[in-house]
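# Coordinate inspection notes
As a plain string of letters, each chain reads:
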Amino acid sequence: MADEVEDQSGPSPAHQAILTDPLDELDAQLNRLRSVADELRGSRGKPVLAGDQVELIEDGPTLLRTYERLQEDAQHEVRVLDRPPYVTPPSSQQQLELDRLHAGVRYRAIYGTEVFESQDIMGVLPELQSAGEISRVLAQVPMKMAIADDDTALIGLTKRAAGDYHLLIRSSGLLDGLIATFEMLWALAIPMPALPFNGDIAGLRPADRDILLLLAGGATDDKISRHLRISPRTTQRRVRALMESLGAQTRFQAGVQAARRRWI
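Residues numbered from 1 in each chain as written. Predicted model: local features only at pLDDT ≥ 70, side-chain atom pairs only at ≥ 80, totals over all residues. Heavy atoms only, no water.

### What to know about the packing of aromatic side chains
A complete count under the given rule lists 1 aromatic pair for this structure. On the numbers, 6.0 Å between centres and 20° between planes, the contact of Phe-182 with Trp-186 is stacked. Taken as a pair, Phe-182 and Trp-186 lie in helix H6 (residues 173-188) at a separation of 4 residues, close to a single helical turn. Residue Trp-186 is classed as buried on the basis of its relative accessible area, which comes to 10%. (Phe/Tyr/Trp six-rings, centres within 6.5 Å; stacked < 30°, edge-to-face > 60°. Helix = DSSP H or I, 4+ residues; strand = E, 2+ residues; numbered from the N terminus. Buried < 20%, exposed > 50% of the residue type's maximum accessible area, 1.4 Å probe, protein only.)

Now the structure itself:
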């Protein structure tokens, strides 16, 4: 009978998208892009600032010029995956982003938790947030990437050093995949609490705000201890106390609850 025939059509595209792990998708994209980069390194193609849809960048000065051009050409939005290391101090790029924000270009940035240990980036984030950057935090950001509108992407393929090779990708199937992956990661990331910290919550020590911010970003006890220069035992005791006071079952929930209550 017709109602007894097993449906073998498989999951719908929408359901399949739900089942896709964004980090697995990103790994697949990275593997594909590394293959493209290896081909380009073998052929030594055209200059990076003009030419084909995918181009290789291997030196720092060209990388900086390309990143600046990408931001200057954006008309609507710049999307960024960010993590250390940096070719130049983030403060050297701060003014350009402020100028573009003031010109009406939207910036959405996903930061890896490593930025909490970077005085350079933490020094510029408050002003960028005040100017309109929308910032989120993700425990693992596996690469650096900037996307201008839906037209161009600049990505770093390794995370060993700031000067490792990058790809400039113009409108193509590769770019569409990177845009989709960014949006999946954006949905996973949590809003970065406003910086610097505001408010005076009774019983909440200044160090507790720092702990909650790091928890919201997925930091481990070891990372919190090193960042705040307190003992692991003190860290564990304060984390447990904060989770209990927030009624949180997990460390992640504690960070989110603290942000929602404007404790951080």
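Read on, since the account is not over.
### Describing a positive patch on the surface
Together, Arg-205, Arg-233, Arg-237 and Arg-240 make up a positively charged patch on the protein surface. Mapped onto the elements, Arg-240 comes out in helix H9 (residues 232-246). (Patch = residues over 30% accessible without salt bridge, like charges linked within 9 Å, V, L, I, M, F, W, Y side chains within 5 Å. Areas by Shrake-Rupley, 256 points an atom, 1.4 Å probe, with all protein chains shown as cover. Salt bridge = Lys/Arg side-chain N within 4 Å of Asp/Glu carboxyl O. Lys, Arg positive; Asp, Glu negative; His and termini not counted. Charge placed at Lys NZ, Arg CZ, Asp CG, Glu CD.)

### Concerning the pairing of strand E6 (residues 152-156)
For E6, the tally of buried residues reaches 5 of 5 residues, placing the bulk of the element in the interior. Side chains Thr-152, Leu-154 and Gly-156 of E6 all project onto a buried face; the interleaved residues Ala-153 and Ile-155 project onto the opposite face, where all are buried too. When strand E5 (residues 144-148) meets E6, the two strands line up antiparallel, connected through 5 bridges. Directly across from Lys-144, in E6, lies its bridge partner Gly-156. Linking E5 to E6, which pair antiparallel, is a turn of 3 residues; within it Asp-149 sits at a positive phi near 50°. By the bridge criterion, 5 bridges tie E6 to strand E7 (residues 166-170) in an arrangement that is antiparallel. Bridging from a neighbouring strand, Ile-155 pairs with Leu-167 of E7. (Pairing = 2+ DSSP bridges.)

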